[in-house]
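Each chain, letter by letter, is given below.
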Amino acid sequence: MSGAVPKPIYFFDEADGRNRALLGGKGAGLAEMTKLGLPVPPGFIITTDICEKFYEAGRRLPDGLMDEVRKSVRKLEAITDKKFGDPKNPLLVSVRSGAAVSMPGMMDTILNLGLNDQTVEGLAQQSNDARFALDAYRRFIQMFAKTALGADDRQFEKAMAAKDLSDEKTLRKTITSFRQLCQATGKKFPDDPYDQLKLAIDAVFRSWTGKRATEFRRQYGITPEMANGTAVTVVAMVFGNMGRDSATGVVFTRNPETGEKKLYGDYLVNAQGEDVVSGKANPSHIDQLEKEMPKVFNQLEQVCEKLENHFKECQDVEFTVEKGRLYILQTRTAKMSAVANVKTSVDMYHEQLVNKVEALQRIDPEGLEQILYPRIDSHARQKPVATGVAASPGAASGIAVFDVAKAEAMGKRGEKVILIREDTKPDDVPAFFQSVGILTTRGGKTSHAAVVARGMGKPCIVGCSQIEIDEEGGSFSVGGKTVVSEGQKITVDGSTGRIYTGEVPTVAPETTSEFKEILQWSSEMKAIKIWANADTPESATLARKYGAEGIGLCRTERMFNQHDRIAIFIKMVMAETDQDREKALAELERLQRSDFKAILKEMQGLPVTIRLLDPPLHEFLPSEEDLMMQIFELKSEGDHRAEAEMLKREKMLRRVKELSEINPMLGHRGVRVGITFPEIYEMQIRAVCEAAAELTKGGVKVEPQIMVPQVATVNELSTVRHMFESVKREVEHRHKIKLNMSFGSMIEVVRSCLVADEIAHVADFLSFGTNDLTQATFSFSREDAEGKFLPFYLEKGVISINPFQTIDQKGVGRLMKMTIDLSRKVKKDIEIGICGEHGGDPRSIEFCSRAGLDYVSASSHRIPIAILAVAQSAIRGSQKQLPRFLSD
């Protein structure tokens, strides 16, 4: 096939099974199995090229195609010694879809094609079983009418409800009524088998753009480059419904849930494939086949072993047994749980089926989330009441609570709470710590709730616009109907975005020996370092457990959000005298010093990058609306005791108005706060230096790094560098030691990319804050964009990726590359990394690795994902320079 102009049709024994793009996955598999000598029914493939021509011609079969189909059918007749449409010895076929990328159940299939009132009698004589032949005819009419004629399947189900289909007379009546139902569509059921075949091929091609298939491709990111149409396979029918010595089933070569090396699947005796897939009947487990048909079972085991050895992948195999004879109808790479995928990759390496490179390449890094977080039990049958944006993976059940203070109090009492809000603010964070899951109706994957929850490793769903919250009534409704009231239990699945009422069973995460082995291989393979975004000692411990080589982002403002600190920070913001401000700062310094000591100690001498305060100060105060409401309520009480509290709230309201900004994310934040209120940055720098000095004197090796956010000019960075050097010298002098510390800048302002050479003169290291850099480059507010127009942009193809999930290489990526080149012209060995949310995204990691970054920093829970992604990037980028261990 290679080099020659592709033909429109290939028989299985002449097709190149490696060409999935042309033959589709199903056709390619049948071709390979035929060449392996496996028991495959004969057939032919109409290629995906014809599907493209079908759509180019306005959804019409290309001229001359049916002539080629007739030639192929005549060849099939010769192979099978049967004749298409013959009333005595009829050839029947199945017509099935098959794209280059597996899309199970998303396109159409028609079985038993070729039956009519005459050929059904021939099938009855052929099989010596009239009931079987009539049942096959009944099935064909129903399937054909639904798929090719657009009939309502429910009418057919209704027509045969409560009927005894084991009775021949009843079957004949059912067939007559089915043919009448076809006429009700305005289209007559075609008796000519070639007319049936033409309509079936047309229907399969049309199913490529059907709702199921289109939505599946959108959900799984299947682009036209990956699959641009479906092939059609036409296969001689074999029957699993010809008696007790016939059967049909689906078998996996290994357990797709656990990875155990044992056949896993179901089968039905005296049935057709649709009976197994539809779930209308209760099948037997594949183990039972060994007792019922031992010869067939042994043959099936041998086939499965041969397929695994050939494809080097676990296989999902469809089979039929016709009167004791086994036929294989399809094989494809099995879809497995992450646990099973990891186990089989390691097992196949030890079985010498694959090498380490192949084992690592089999695993989807994103799929590792299933191993790292609790997940909904796959056997659970509950249906979700609503679906939002899956923002932080994992599943949790708890009591629905709509009030932040209440959630915090209940959580402290040991109750499991799901915090439900329209959106969240920094002062909601104490409730986050006490909740097992978070649900919001607004925001996107990079909203405040999403980022904080991911950092904590808590399940989070955001942007669930399907639900409407009644905060006062303590409930939420879906479609105008109250679904959940406060106090009820709900379950949130942050991996899928689904929300359930009640407590849904979950499966706890399990770190298996195979998982550890995969991480070990990946660590040996990766070309750049993996650091963690961690704000607490607990998060740092987890990062170390998963193999992080440093902390790339420790957000100091998260420490202020804890319940016992926020009041002190507010005191500092509200202070009217230097003395009051210094007193509050001294308290904060003591607390921050303790925090930094704990994290530095936990990291055992690895780099810890501590970002100085980033958010605007007003974010730590109550909102203007909340304060006005509180003042109104206090005035309404008319109580003398409430007057002092009211004056306090009025004072705070004045301060909020002083600090409020039209666009706070582009306003008084980051380094701008540090320069206008230098005492804040001085306090934080001193806390880091003191923590480092105390640990160093105690014999603990530490390597803190001070990082300045929102830098736009070299003078801003120089101002803070001077502050850093001054405080550092003072602490070193007082403790009589030399501190091992470095000083750097975040790169998240577009101007800082353009003047990176100037900034590199002042900085020891640089770290890309890609969340804000993406906002600035696109001029998008990430929360507004993800909540309003980004989904529409993605659906309509205005943009191909969500730039807040995956780095926009043409825009943001170009700025990053410019920064790297400019800064390394000044300092060849300057350390450059990334600490934005993109650091945990495999596609972004691939770009970072190619761009020449020294490290990527991801949330602690995503470290394994990042390690595997970096290893896979190294494999793709340097196949010729692989370490020796990979040739083992």
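The structure contained in this document is the topic of the report that follows. For every chain, the first residue of the written sequence is number 1, and numbering continues from 1 along that sequence. Local features are withheld for residues below a pLDDT of 70 in this predicted model, meaning they are given only at 70 or higher, and side-chain atom pairs are given and counted only at 80 or more; totals for whole chains, interfaces and linings count all residues. The side-chain numbers reported here are obtained from all heavy atoms of the structure, hydrogens and water having been left aside.

**Observations concerning the packing of helix 5 (residues 130–148) against helix 7 (residues 168–183)**
What counts is decided by this rule: Simply put, an axis is a line fit to the C-alpha atoms, just over the touching stretch for a helix, and the angle between two N-to-C directions goes from 0 to 180 degrees. A run of DSSP states H or I qualifies as a helix once it reaches four residues; a run of E qualifies as a strand once it reaches two. Both are numbered from the N-terminal end. Should an angle fall under 35 degrees it is called roughly parallel, over 145 degrees roughly antiparallel, and 65 to 115 degrees roughly perpendicular, with every other angle called oblique. Whether a crossing is left-handed or right-handed is set by the direction in which the near helix is turned from the far one by less than a right angle, anticlockwise for left-handed and clockwise for right-handed. The contact definition used throughout considers only heavy atoms, calling two residues in contact when any of these lie within 4.5 Å.
Where helix 5 contacts helix 7, the axes come no closer than 10 Å and their chain directions differ by 20°. Compared by their axis directions, helix 5 and helix 7 come out roughly parallel. The element helix 5 and its partner helix 7 pack so that their crossing is left-handed. On helix 7, the residues touching Ala130, Arg131, Leu134, Asp135, Tyr137, Arg138, Ile141, Gln142 and Ala145 of helix 5 are Glu168, Leu171, Arg172, Thr174, Ile175, Phe178, Arg179 and Cys182.

**Examining the packing of aromatic side chains**
Cut-off, in case you're wondering: Aromatic contacts are taken between Phe, Tyr and Trp rings whose centres are within 6.5 Å, Trp giving its six-membered ring; a plane angle under 30 degrees counts as stacked, one over 60 as edge-to-face, and the others as tilted. Under the scheme applied here, a residue whose accessible area is under 20% of the maximum for its type counts as buried, over 50% as exposed, and between as partly exposed, the area being computed with a 1.4 Å probe on protein chains only. By definition, being over a ring means that NZ of Lys or CZ of Arg is both within 6 Å of the ring centre and within 35 degrees of the ring normal.
Summed over the entire model, instances satisfying the criterion amount to 16 aromatic pairs. Centre to centre, the rings of phenylalanine 11 and phenylalanine 44 are 5.4 Å apart; their planes meet at 50°, and the pair counts as tilted. In this pair, phenylalanine 11 is assigned in strand 1 (residues 9–11) and phenylalanine 44 in strand 2 (residues 43–46), connecting sequence segments 33 residues apart. On the basis of relative accessibility, which here comes to 5%, the residue phenylalanine 11 falls in the buried class. Ring centres 3.8 Å apart and planes at 10° place the aromatic pair tryptophan 531 and tyrosine 855 in the stacked group. Of this pair, tryptophan 531 sits in strand 24 (residues 529–533) while tyrosine 855 is found in strand 31 (residues 855–859), placing the two residues 324 residues apart along the sequence. Exposure class is identical for tryptophan 531 and tyrosine 855. Each is buried. In textbook terms, an aromatic cluster arises when at least three aromatic residues are bridged by ring pairs, as seen for Phe778, Phe780, Phe789 and Tyr793. The cationic tip of arginine 70 hangs over the ring face of tyrosine 194; the distance from NZ or CZ to the ring centre is 4.0 Å. We note arginine 217 situated over the ring of tryptophan 208; from NZ or CZ to the ring centre the distance is 3.8 Å.

**What about the pairing of strand 30 (residues 831–834)?**
Short version of the rule: Whether two strands pair depends on DSSP finding at least two bridges between them. Handedness rule for crossovers: strands pointing away from the viewer, path from the first strand over the helix to the second running clockwise, crossover right-handed.
By the bridge criterion, 4 bridges tie strand 29 (residues 765–768) to strand 30 in an arrangement that is parallel. Bridge pairing in strand 30 places phenylalanine 765 opposite glutamate 831. Taken together, the 2 bridges between strand 30 and strand 31 define a ladder with parallel strand orientation. Bridging from a neighbouring strand, isoleucine 834 pairs with valine 856 of strand 31. Remark: the strand 30/helix 35 (residues 842–851)/strand 31 crossover connection has right-handed handedness.

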